[in-house]
Protein chains: 2
Amino acid sequence: MRHTKVKDLLNSTTTLQEINAKGWVRTFRNNQFIALNDGSTINNIQCVVDFENTPDETLKRITTGAAVSVTGSLVESKGAGQKYEIQVNKLEILGDSDAEKFPMQPKKHSLEFLRENAHLRVRTNAFGAIMRVRSVLSFAVHSYFQQKGFVYVNTPIVTGADAEGAGEMFQVTSLPLDNLPKTEEGNIDYKKDFFGKHTNLTVSGQLEGETFAMALGQIYTFGPTFRAENSNTSRHLAEFWMIEPEVAFNDLNDNMDLAEDFIKYVVKYAVDHCGDDLKFLEGRLIEEEKSKPQADRSEMPLLEKLGFVMNNDFKRVSYTEAVDILRDSTPNKKKKFQYIINEWGADLQSEHERYLVEKHFKCPVILFDYPANIKAFYMRLNEDGKTVRAMDILFPGIGEIVGGSQREERFDVLVEKMKALGIDEEELWWYLDTRRFGSAVHSGFGLGFERLVLFVTGMTNIRDVIPFPRTPQNAEF
Amino acid sequence: MRHTKVKDLLNSTTTLQEINAKGWVRTFRNNQFIALNDGSTINNIQCVVDFENTPDETLKRITTGAAVSVTGSLVESKGAGQKYEIQVNKLEILGDSDAEKFPMQPKKHSLEFLRENAHLRVRTNAFGAIMRVRSVLSFAVHSYFQQKGFVYVNTPIVTGADAEGAGEMFQVTSLPLDNLPKTEEGNIDYKKDFFGKHTNLTVSGQLEGETFAMALGQIYTFGPTFRAENSNTSRHLAEFWMIEPEVAFNDLNDNMDLAEDFIKYVVKYAVDHCGDDLKFLEGRLIEEEKSKPQADRSEMPLLEKLGFVMNNDFKRVSYTEAVDILRDSTPNKKKKFQYIINEWGADLQSEHERYLVEKHFKCPVILFDYPANIKAFYMRLNEDGKTVRAMDILFPGIGEIVGGSQREERFDVLVEKMKALGIDEEELWWYLDTRRFGSAVHSGFGLGFERLVLFVTGMTNIRDVIPFPRTPQNAEF
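Residues numbered from 1 in each chain as written. Chains lettered and ligands numbered in written order. Predicted model: local features only at pLDDT ≥ 70, side-chain atom pairs only at ≥ 80, totals over all residues. Heavy atoms only, no water.

Observations regarding the overall build of chain A
Right, on to step 1. Looking only at helices and strands, one finds 14 helices and 16 strands in chain A.
Right, on to step 2. For the C-alpha atoms alone, the extent of chain A along its principal axes is close to 85 × 60 × 45 Å.
Right, on to step 3. A burial count over chain A gives 60% of its 477 residues as buried.
Right, on to step 4. Across chain A, contacts joining residues at least 24 apart in sequence account for 68% of those joining residues at least 6 apart.
Right, on to step 5. In the form shown here, chain A has an accessible surface area of approximately 19,400 Å², with 46% of it arising from carbon and sulfur atoms.
Right, on to step 6. Positive and negative side-chain charges in chain A, numbering 57 and 70 respectively, have mean positions lying 5 Å apart. (Helix = DSSP H or I, 4+ residues; strand = E, 2+ residues; numbered from the N terminus. Buried < 20%, exposed > 50% of the residue type's maximum accessible area, 1.4 Å probe, protein only. Contact = heavy atoms within 4.5 Å. Areas by Shrake-Rupley, 256 points an atom, 1.4 Å probe, with all protein chains shown as cover. Lys, Arg positive; Asp, Glu negative; His and termini not counted. Charge placed at Lys NZ, Arg CZ, Asp CG, Glu CD.)

Next comes the structure, spelled out in structure tokens:
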């Protein structure tokens, strides 16, 4: 007999004869009530075991974590809390789970402990919910762009280009490290490496993405990117997934419109499709914050916060305005900021971004027109000669979630900038070709997917929203 | 004025006043007719320039590859071949393209030449079509699994586990190769590497995926995987995208059903959504095959072949039956095979797979129940003690497109197999936990995405269906 998913059984509109369910025991009460979960939903189905006619041997094996198959009828539940339950006629233990040894017992575990058991934490309510929400958000990303006619582009992961300077890179090699081939001059002979040159893991697919946008019009990437930065924070991963749309003929305003519309769409999609999971995560957050001082708690419950983002315009503020606000702010005057903002041109730190978003505007903020010298070489220089058409989107509790810009489409200006920064033109010949042949205004942005998942799930550590986090000194599993 | 996409203009149901289109010039005829493409469709829109009132200076700049903006009216075309065309009132050159230098002139280029210009080849009809089809196929993959309630899982790219043995691996490191830190014993000190251990690029997300399937029930991965194999063939890439579903409680038959249903769905999705592009690619293939001997040409035009796959059952054949067929086959008897099949247990080579699919059955074939000793350690041993519940799906012209199996769910049997093969139990402690706690029958498969794109587009070299191919001695762009 084919088994029916727990989700479908719970959503049934009638009682049912002769059904089979398979899943894992979450709890077993009174030698009679199994809370069974199969991952299809956060909700368990109650299975009522006929304990008087079940051998003690079998009952003892119904432990937390055990895989079981139950056959019986879906009947109206006499108990509170569920409409239907399974009256079990036949129970089969598929796989035991030694209660002495199974680490995921039905009690509160620390997030630290769960990270060390990333292969099992997904069997808990919270991580099951997070991973389902993450999956639905991924699909929302694809749905949004595909509906609008964007072409999904898989830019390369291993790259010979390391000129972009978005961050420290990991080297990829097939050379034997304990017996490196050398050139006559005594250098490492990368001609003997797999790709015949020094190669790294990508930090961004943007440059390759631009070449495709200048042919297909609207493209997006969604793939893993890497930073070999020793950042042991709750907001950084060495391996993370990034979404990078790039659109020909879009200027910076179009780019801001696209980013805001995109974020609202995917958040709404999660709210519309992950109701049960988000309700659970909202409760989890409230519970977790009880131990925090009032000032550190969220201002709104999770679902209200998501609704707020969906339904309110993001505040658009130029860098210059932002610096004025920060200079006049109480924490700046009282020297509460670690980095005091004295003058125009200062790079904004996370403390400043948080002040703007969480204290001053109390909503998502788009900062734009940054000083040229704190931004990347490919950003479009404004007519003022000192700012570039960059934009960052800042989210409460998350900080920067999007970084984007209108790109410098003028060949001469771009080359001059590269020269000034010592970026090798030869190496980026193909990138410069987009400006040599049929150049046009175009814009794009990058959104760190895990930061989006953090925001939507209300989690606070980025290691808890990716299946197997990669951080300094950690590549287990 | 906002520009309208060429696709929307061509699909218009009425004439339109005051429209703007932006794109790249494909050709410019008679000083009057621009064929304009913006990547939204393979079709160009004809733009009729009022050449008598346009300065010669401007007309000269309308060259292949130039980016232009045209404003005017969408009117019924007097010419053949299109319903509508743009009567241009205002033309603006956005970006020039020097006809002497632009490599993508409107003539036939070799695929070799185009690969060397992977950043520009997407501006040709064929590669625009291929990349759109690839994108739509990606979305079909996600749509299929999400509709069925599968959870998308991003398994790690950088991995400390190298026990799977699916192929040669690339090393990932942040150590300085010209100054490697050493332990007291003189070995490389991987404790000083970024992750504190020796790490590689993943060859498969299956093992991590299994841990999630044993919690969430149905999962799939879709991400990049890597093989450091020096295979300079038209079917191998060092970096390719793989789809790996894994389903708890599925046995090998369920697994075959899932794979067949999945492939039929995504092929149909492409046919339903990429009509124009596939029609073009069908024509391209016919043209290309004209120079080949009759025997080497496709038996069916592209769309007919796709229809055939959508509408016919895949032939399911056990390894044992397949070996019997091969042993009795003409090429085996006449010693035309490079590897003669003499006895049960032989590993099948590509020549044998092609014979079965292309000559004997003339349809997609699923081979199952392979000899245990030519397959991976994690495959479920059959009761005969010598075969495992493995399955490969073989496609005409492509060879193996899917490899999968029912997994060995019995802890003891699995451990014994690992010991026999010298696979470190310690290193795979987390994988073994799935069999320690709540183990159950489960199955999955891997599908090489580029092979699917090859099949659907009718291309013959895998380097032509991924934006920037990575192969031995090649990581340009």
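Moving on from the coordinates now.
Details of the pattern of salt bridges
Right, on to step 1. All told, the structure shown has 57 salt bridges over all chains when counted by the stated rule.
Right, on to step 2. Here A:K362 and A:E299 are joined by a salt bridge, their closest N and O atoms 3.9 Å apart. In this pair, A:K362 is assigned in the loop between α11 (350-361) and β13 (365-371) and A:E299 in the loop between α7 (275-289) and α8 (302-311), connecting sequence segments 63 residues apart.
Right, on to step 3. Judged by its relative accessible area of 46%, A:K362 is partly exposed.
Right, on to step 4. For A:E299, a relative accessible area of 68% translates into the label exposed.
Right, on to step 5. Across the pair B:R284 and B:E288 runs a salt bridge whose closest N-O atoms are separated by 3.2 Å. One end of the pair, B:R284, and the other, B:E288, are both in helix α7 (residues 275-289), 4 residues apart, so they sit about a helical turn from each other.
Right, on to step 6. Classification of B:E288 as partly exposed rests on a relative accessible area of 25%.
Right, on to step 7. Where salt bridges share partners, they join A:D257, A:E260, A:K264, A:D313 and A:R316 into one cluster. (Salt bridge = Lys/Arg side-chain N within 4 Å of Asp/Glu carboxyl O.)

Overview of helix α8 (residues 302-311) of chain B
Residues and elements named next belong to chain B.
Right, on to step 1. When α8 is considered as a whole, its buried residues turn out to be L302, L306, G307, V309 and M310. Buried residues of α8 fall within an arc of 160° about the axis and therefore sit on the same side.
Right, on to step 2. Looking at the packing, one finds that the buried side of α8 touches α6 (252-273), α7, β14 (387-395) and α14 (449-457). (Arc of directions from axis to C-beta.)

Regarding the pairing of strand β2 (residues 33-37) of chain A
Looking down a regular strand, the side chains alternate between one sheet face and the other.
Residue and element names in this part refer to chain A.
Right, on to step 1. Within β2, 5 of the 5 residues are buried, which leaves it mostly tucked inside the rest of the structure.
Right, on to step 2. Side chains F33, A35 and N37 project from β2 onto one buried face, and the interleaved I34 and L36 project onto a second face that is buried too.
Right, on to step 3. Taken together, the 5 bridges between strand β1 (residues 16-29) and β2 define a ladder with antiparallel strand orientation. Opposite T27, over in β2, you have A35 as the bridge partner. (Pairing = 2+ DSSP bridges.)

Digging into the environment of A:N312
Residue and element names in this part refer to chain A.
Right, on to step 1. Here N312 is to be found in the loop between α8 and β12 (315-318).
Right, on to step 2. According to the relative accessible area criterion, N312 is partly exposed, its value standing at 31%.
Right, on to step 3. Sequence separation between N312 and G283 is 29 residues, and the spatial gap between their C-alpha atoms is 24 Å.
Right, on to step 4. Beyond its immediate stretch of four places on either side in the chain, N312 contacts E260 and K264.
Right, on to step 5. Here the side chain of N312 touches F308 through a polar contact of 2.9 Å, landing on its backbone oxygen. (Polar contact = N/O pair within 3.5 Å; in protein donor to acceptor, adjacent residues only side chain to side chain.)

Looking at the interface of chain A and chain B
Right, on to step 1. At the junction of the two partners, chain A supplies 114 residues and chain B supplies 114 residues.
Right, on to step 2. The three residues of chain A that bury the most area against chain B are A:F194, A:F249 and A:F437, which together make up 9% of that side's buried surface.
Right, on to step 3. B:R2 is the salt-bridge partner of A:D254, the closest N and O atoms lying 3.2 Å from each other.
Right, on to step 4. For the side of chain A that touches chain B, the leading source of residues is helix α4 (residues 125-147) of chain A, giving 11 residues.
Right, on to step 5. Among the residues forming the side of chain A that touches chain B, the class breakdown is 51 nonpolar, 38 polar and 25 charged.
Right, on to step 6. As paired strands, strand β8 (residues 171-173) of chain A and strand β8 (residues 171-173) of chain B are joined by 3 bridges and run antiparallel to one another. Paired with A:V172 across the two strands is B:V172, which belongs to β8(B). (Buried area = accessible area lost by both parts, 1.4 Å probe. Nonpolar A, V, L, I, M, F, W, Y, C, P; charged D, E, K, R; others polar.)

Focus: the sheet that holds strand β6 (residues 151-152) of chain A
Residue and element names in this part refer to chain A.
Right, on to step 1. If you trace the 8 strands from one edge of the open sheet to the other, you get β6-β10-β11-β16-β15-β14-β13-β12, paired in mixed fashion. Each edge of the open sheet is held by one strand with a lone partner, namely β6 and β12.
Right, on to step 2. Both β12 and β13 contribute to a ladder of 4 bridges, which runs parallel. When the bridges of β13 are listed, V317 appears paired with L367.
Right, on to step 3. The strands touched by helix α5 (residues 206-216) are β6, β10 (218-226), β11 (239-248) and β16 (442-448); relative to β11, the strand with the most contacts, the crossing angle is about 30°.
Right, on to step 4. Against the sheet, α11 contacts β12, β13, β14 (387-395) and β15 (399-406), and its axis sits at roughly 140° relative to β13. (Axes fitted to C-alpha atoms, helices over the stretch in contact; angles between N-to-C directions.)

Brief notes about the packing of helix α9 (residues 319-327) of chain B against helix α11 (residues 350-361) of chain B
Residue and element names in this part refer to chain B.
Right, on to step 1. At their nearest, the axes of α9 and α11 sit 11 Å apart, and the two run at 80° to each other. When the axis of α9 is compared with that of α11, the two are roughly perpendicular. Here A322, I325 and L326 of α9 come into contact with α11, specifically with H352, Y355, L356, H360 and F361. (Parallel < 35°, antiparallel > 145°, perpendicular 65-115°, else oblique.)

Things to note about the domain arrangement of chain A
Size of an interface, as often reported, equals the accessible area lost when the parts are brought together.
Residue and element names in this part refer to chain A.
Right, on to step 1. The domain boundaries assigned to chain A delineate domain 1 (6-102) and domain 2 (123-168 + 203-464).
Right, on to step 2. For domain 1 versus domain 2, the separation of C-alpha centres amounts to 44 Å.
Right, on to step 3. Contacts between the two partners involve 8 residues from domain 1, matched on the other side by 8 residues from domain 2.
Right, on to step 4. Interface area for domain 1 against domain 2, summed over the two sides, is near 640 Å², with a carbon-plus-sulfur share of 44%.
Right, on to step 5. Together, R26, I42 and F102 form the three largest contributors to the area buried by domain 1 at its contact with domain 2, with a combined 69%. (Domains from an automatic or database assignment.)

Some thoughts on the sheet that holds strand β10 (residues 218-226) of chain B
Residue and element names in this part refer to chain B.
Right, on to step 1. The strand order β6-β10-β11-β16-β15-β14-β13-β12 describes an open sheet built from 8 strands, whose pairing is mixed. At either margin of the open sheet sits one strand with a lone partner, and together these are β6 (151-152) and β12 (315-318).
Right, on to step 2. Contacting β12, β13 (365-371), β14 and β15 (399-406), α11 crosses the sheet at an angle of about 140° to β13.

Some details on the side chain of A:E408
Right, on to step 1. Along the polypeptide, A:E408 turns up in the loop between β15 and α12 (411-421).
Right, on to step 2. Other than its neighbours up to four places away in sequence, A:E408 contacts A:Y378, A:M379, A:R380, A:L381, A:V413, A:L414 and A:R435.

Some points on α7(A)
Residues and elements named next belong to chain A.
Right, on to step 1. Here α7 is 15 residues long and its end C-alpha atoms lie 21 Å apart, about the 21 Å a rise of 1.5 Å per residue gives.
Right, on to step 2. Listing the buried residues of α7 in full gives D277, L278, L281, E282, R284, L285 and E289. Viewed along the axis of α7, the buried residues span an arc of 165°, placing them on a single side of the element.
Right, on to step 3. The inward-facing, buried residues of α7 abut α4, α6 (252-273), α8 and α14 (449-457). (Expected span 1.5 Å × (residues − 1).)

Description of the confidence of the model for chain A
Right, on to step 1. In the predicted model, chain A carries a mean pLDDT of 96, and the fraction of residues at 70 or more is 99%.
Right, on to step 2. For this predicted complex, the interface score ipTM comes out at 0.97, while the overall pTM is 0.97. (pLDDT = per-residue confidence, 0-100.)

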